[in-house]
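Coordinate inspection notes
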Amino acid sequence: MSLRFSRRQFLAGGLSLTGVCLAGPAWSNTARPSLPIPPLADGTNGEPLDLTIRTGLWSFKPGVMTPTLGINQDYLGPTIRTRRNKELNLNYHNTLTEGVSVHGHGLHVPGNVDGGPQLEMAPGERWQPTLSIMQPAATCWYHSHTHGKTGTQTYRGLAGMMIIDDDEAVSKELPNRYGLDDLPVIIQDRTFDAAGRLVYSLEQAGEDGWFGDTAVINGALSPVAEVPAGKVRLRILNGANARFYILAFADNRTFHKIASDGGLLEAPVPMTTMEMSPGERCEIIVDLSEDTSAELLTFFEDDIDEEGEGIVSGLVGLLTGPGQSAAPASLLLKVARTLVAHTVPVPERLTTIERPDASEIRKTREFVLEMDHGEDDRSHAGNTGGHGTHAGDGAMTINGAVMDMSVINERVERGVWERWRIRSDQGAHPFHVHGCSFLVEQMEGAAVTPDQAGWKDTVVLDDDDWSEFVVRFDHLAGDDFPYMYHCHILEHEDQGMMGQFTVTDTTG
Ligand code: C2O
Ligand code: CU
Ligand code: CU
């Protein structure tokens, strides 16, 4: 039985917090760190960006340094900026003593520059891909995709944000002053030992993956950002290894979701709470013109699930219950009236998304994600390998197979619309596909909601019903550098819940 048994119940029926007054955690503002803003690495002009993968020391908790990994810095990496119809040149240098591959999550680029596990840089090696950016404006990210080590390397810090701009998005006059009214918000969770150092173990991860006990935002605990008294855009990435989050503002205010993983929604969607699974990105606009501050809360979805009574009682219980042990981490947006504000209204139409006709869908594929317990050990995943094709006890599989780098699981024809149907035998999983954005039609058996109706590359599925999307691949990935599809719970991925596929002009 999954911990997540009630998620559809509250997602379906309980999204309103109307009338519930949420008191934020009792933080003293002076004690809170500022939101770290990763430096911008602007690759728009095609100049190569140097990206040095290195070890670091980072202070999550005041006064305690912990060994980390980063790109050009101690923890996480710069925000890479590029633009549609430009070339992005990257110059990675692996200075670690272990191999690393770095994947551009959400990018529509060919398999040979996608950064999957085949493209591992040995210690000391460089990798210099040229990426032709053909896709619409979007918030993407890059992270470790090293075979069997994605979870541990990402957890220690090998991840960063990537922003793609285009003329259409710029013409909408959305807030776009990076670090001022356009903020990267990377949510992760981490566990620290008594000395304040990061703790991680794939072997000791629970069957739902590795859950840190403390949420961090851009590597800081409950940070504060100074923002202008106007519209502020948050580019939110759930960069956690395994945890699903529910986001809401402490005063239950309405915000507008304007973009999903692969770019702008057709129209802004007003929301008060939002679920995000690992790997997903959401851009939201929050209006602070009338306020002195607003506090974004990041709830652990599994804590709310355990309440079993829907989101309203869950959230209130977390904030008011005994001990408040699970008080959510938060991001405080503090208005500075001296900053020039973005006051242009959010446009009613953002973009047009062309969906294929049913007659254009030429093939349907089905994927079933399974957690095979083997013996009756329900507390630990129990499988540390994931090598070899046959599923054994405790294996994490897709269609009965664990990830095998020597096996191509699916062969797809370029430029042809397909329908992919996915479900799991147990629990919720965020299913992610490389090299594309797709359009969700069904989520867990229900028609897609407007906030999920844009371009996506990660979709949640659960154990009762199919999630379905339509997808077309426009770039090539051959047998030597195939694309991946996988569960974005990184421990599930490392334990084998992943497959490989090619995209070619003839599938023979
Ligand atoms: Cu973000 Cu294959 O992953
Ligand atoms: Cu990806
Ligand atoms: Cu999974």
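For the structure, see preceding data.
Sequence positions are assigned chain by chain, starting from 1 and proceeding in written order. Labels are handed out in written order, letters beginning with A for the chains and numbers beginning with 1 for the ligands. In keeping with the model being predicted, local features are shown solely for residues with a pLDDT of at least 70 and side-chain atom pairs are shown and tallied solely at 80 or more, while totals for entire chains, interfaces and linings include all residues. Hydrogen atoms and water are omitted, and side-chain values are computed over all heavy atoms in the structure.

In this section: the coordination of the copper ion (ligand 3). Here a donor is any nitrogen, oxygen or sulfur atom (N, O, S) within 2.8 Å of the metal, with 3.2 Å used for Na, K and Ca; water is not among the atoms considered, so some sites may look incomplete. The copper ion (ligand 3) binds to the protein through His429 (ND1), Cys487 (SG) and His492 (ND1), with metal-donor distances spanning 2.0 to 2.1 Å. Positions of the donor residues of the copper ion (ligand 3) along the chain correspond to the pattern H-x57-C-x4-H. Of this pair, histidine 429 sits in strand β27 (residues 429-433) while histidine 492 is found in helix α6 (residues 490-494), placing the two residues 63 residues apart along the sequence. Grouping residues by exposure puts histidine 429 and histidine 492 together as buried. The secondary structure listing takes helices from DSSP runs of H or I that are at least 4 residues long and strands from runs of E that are at least 2 residues long, numbered from the N terminus. Throughout, exposure labels follow a simple rule: accessible area from a 1.4 Å probe, protein chains only, divided by the maximum for the residue type, with under 20% read as buried, over 50% as exposed, and the rest as partly exposed.

Another aspect to go through is empty space enclosed by the protein. Both site types are read off a 1 Å grid over the protein atoms alone. A 1.4 Å probe that fits but cannot get out defines a cavity, while an open set with protein on both sides within 12 Å along at least five of seven lines defines a pocket; lining residues have an atom within 4 Å of a point. Grid points are joined across faces, edges and corners, and a volume is the space filled by probe spheres set on the points. Per the stated rule, a full pass over the model turns up two cavities of 30 Å³ or more. The calculated volume of the largest cavity comes to roughly 60 Å³. Lining the largest cavity are 14 residues, with Leu90, Gly104, Val113, Trp127 and Leu131 positioned closest to its centre. Breaking the lining of the largest cavity down by element, the ones donating at least two residues are β5 (86-94) and β6 (102-105). Ranked by residues supplied to the lining of the largest cavity, first place goes to β6 with three residues. Polarity classes work like this: nonpolar for Ala, Val, Leu, Ile, Met, Phe, Trp, Tyr, Cys and Pro, charged for Asp, Glu, Lys and Arg, and polar for all others, with Gly in that last group. The residue inventory of the lining of the largest cavity, partitioned by class, reads 10 nonpolar, three polar and one charged.

So, on to the coordination of the copper ion (ligand 2). Surrounding the copper ion (ligand 2) are the protein donor atoms His103 (NE2) and His432 (NE2), at 1.9 Å. Remark: histidine 432 occurs in strand β27 and histidine 103 occurs in strand β6; sequence separation between them is 329 residues. Assigned by exposure class, histidine 103 and histidine 432 land together as buried.

Strand order in the open sheet made by the five strands is β14-β22-β21-β16-β19, with mixed pairing throughout. The sheet is open, and its two edges are formed by β14 (224-227) and β19 (273-276), each paired on a single side. Recorded for the sheet is a direction-independent mean angle of 20° between the axes of neighbouring strands. Should DSSP find at least two bridges between two strands, the strands are taken to pair. In this structure, strand β21 (residues 293-300) lies alongside strand β22 (residues 329-335), joined through six bridges in antiparallel fashion. With axes taken as lines fitted to C-alpha atoms, and helix axes fitted only over the stretch in contact, angles between N-to-C directions fall between 0 and 180 degrees.

A water-sized probe, rolled over the atoms, reveals where empty space remains. If you add up the space inside the largest pocket, you get close to 570 Å³. Along its surface, the largest pocket is lined by 27 residues, and Arg84, His108, Pro136, Trp455 and Arg472 are the ones closest to its centre. Of all the secondary structure elements, the ones that give two or more residues to the lining of the largest pocket are α3 (167-171) and β18 (263-271). For the lining of the largest pocket, the residue count by class is 11 nonpolar, nine polar and seven charged.

Here we take up unusual backbone geometry. Unlike most non-glycine residues, leucine 76 shows phi in positive territory, near 60°. Summarising the element assignment, leucine 76 is placed in the loop between β3 (66-71) and β4 (79-83). Take leucine 76: its relative accessible area is 2%, and that puts it in the buried class. The phi torsion at serine 222 lies on the positive side, around 45°, for a residue other than glycine.

Taken in spatial order, the five strands line up as β25-β34-β33-β27-β31 in an open sheet, and their pairing is mixed. Of all strands in the sheet, those with a lone pairing partner are β25 (410-413) and β31 (458-461), marking the two edges. Taking the axes of each pair of neighbouring strands and ignoring which way they run, one obtains an average angle of 25° across the sheet. Note: β27 against strand β33 (residues 483-487), three bridges, orientation antiparallel. Bridge pairing in β33 places histidine 432 opposite histidine 486.

On to the pairing of β6, then. What you see with β6 is no split at all: Val102 and Gly104 on one side and His103 and His105 on the other are buried throughout. In terms of strand pairing, β6 meets strand β9 (residues 138-144) through four bridges, oriented antiparallel. Along β9, the bridge assignment pairs valine 102 with serine 144.

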